[in-house]
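# A closer look at the structure
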Amino acid sequence: MGKTEQNRTVGILIFDGVEVLDFCGPFEVFSVARLPDDDRDEPALFKVVTIAESDRLIESIGGLLVKPHATLSDHPPLDILVVPGGSGRRRQQRNKSVIDWIVAQSNQVALLTSVCTGAFLLAEGGLLDGREATTHWSAIDEMRAQYPAVTVRSDQRIVDQGSIVTSAGISAGIDMSLHIVAHLHDEKTAEWTARRMEYERRSPLSATTTVPA
């Protein structure tokens, strides 16, 4: 990526109706991530920026208001993109500007990721065609029906397809982000990050629903 291990930039898309933990969970992981036994505030391993379509307050599910760091047109170059879900993702599926931006970023970033129903936005751009992916357990059947070119897994919390990583619902985004920390650094770094968060990691292969795979 042409970056040192201390300055990878993570962009997290946000929009009205975004699920809070979908984007805040990954934000916490990447902003907290440090090398093992390093308690200092600096140096951070990642720079995290929230990105919205326009420069205004975003109202997430539950009414939390968030001021994005940047917009689709003025964000810094990204190494990793996180696309969350939430009730607002249906509107974003019809938002050509957002879908086109995600597709363009897929050609720029080293890792494209989704949390929960954020996978629908990747699928809408054709980025999951011919790949395996997962989403929130309640949306498994919907995703299979809408995007038959995608093999939707219901038996994995994280589906890692190399340059694209998708995760199941809401809190699974924390495990996915720790999975990426481990991939880019090592397991000890991911374990230390989880410990700093006082978070107990779950297996990437744990089943997410009883819907048949």
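The present account deals with the structure reproduced in this document. (Residues numbered from 1 in each chain as written. Predicted model: local features only at pLDDT ≥ 70, side-chain atom pairs only at ≥ 80, totals over all residues. Heavy atoms only, no water.)

## Notes on the sheet that holds strand β6 (residues 80–83)
Strand order in the open sheet formed by seven strands is β5-β2-β1-β6-β7-β11-β10, and the pairing between neighbours is mixed. The open sheet has two edge strands with one neighbour each: β5 (70–71) and β10 (158–160). Sheet topology places β10 next to strand β11 (residues 164–167); three bridges connect them, and they run antiparallel. The residue bridging D160 from the neighbouring strand is V165, located in β11. The strands touched by helix α6 (residues 172–184) within the sheet are β1 (8–13), β2 (46–52), β6, β7 (111–115), β10 and β11, with β7 carrying the most contacts at an inclination of about 160°. (Pairing = 2+ DSSP bridges. Helix = DSSP H or I, 4+ residues; strand = E, 2+ residues; numbered from the N terminus. Contact = heavy atoms within 4.5 Å. Axes fitted to C-alpha atoms, helices over the stretch in contact; angles between N-to-C directions.)

## A look at the side chain of R153
By the secondary structure assignment, R153 is in the loop between β9 (151–152) and β10. Accessibility expressed as a relative area gives 18% for R153, which makes it buried. For R153, the side chain forms a polar contact with the side chain of D155, separated by 2.7 Å. Dropping the residues within four chain positions of it, R153 is found in contact with E132, A133, T134, I140 and V159. (Buried < 20%, exposed > 50% of the residue type's maximum accessible area, 1.4 Å probe, protein only. Polar contact = N/O pair within 3.5 Å; in protein donor to acceptor, adjacent residues only side chain to side chain.)

## Re the packing of helix α1 (residues 20–32) against α6
Close contact between α1 and α6 brings their axes to 8 Å; oriented N to C, the two are set at 30°. Between α1 and α6, the interaxial angle falls into the category roughly parallel. For the element pair α1 and α6, the recorded crossing hand is right-handed. Together, L21, G25, P26, V29 and F30 of α1 and G173, I174, S177, L178, I180 and V181 of α6 make up the contact between the two elements. Residues belonging to the contact of α1 with α6 are distributed by class as follows: eight nonpolar, three polar and no charged. (Parallel < 35°, antiparallel > 145°, perpendicular 65-115°, else oblique. Left-handed = near helix turned anticlockwise from the far one by under 90°. Nonpolar A, V, L, I, M, F, W, Y, C, P; charged D, E, K, R; others polar.)

## Let's talk about the nonpolar core
Counting residues in each nonpolar core, the largest one holds 61 residues, and the members touching the most others are L13, F46, I102, L112 and L128. Those residues in contact with L13, other than ones at most four positions away along the chain, are I51, L72, L81, V82, V83, P84, V98, W101, I102 and L121. (Core = buried A, V, L, I, M, F, W, Y, C linked by side-chain atoms within 4.5 Å.)

## Some points on helix α3 (residues 96–106)
Given 3.6 residues per turn, any residue in an α-helix points the same way as the ones three and four places further on. Looking only at α3, the buried set comprises V98, I99, W101, I102 and Q105. Axial view of α3: buried residues confined to an arc of 160°, hence all on one face. The secondary structure elements touched by the buried residues of α3 are β1, β2, β6, α2 (89–93), β7 and α4 (119–124). For α3, the N-terminal capping position is held by N95, with its side-chain oxygen 3.2 Å away from the main-chain nitrogen of S97. (Arc of directions from axis to C-beta.)

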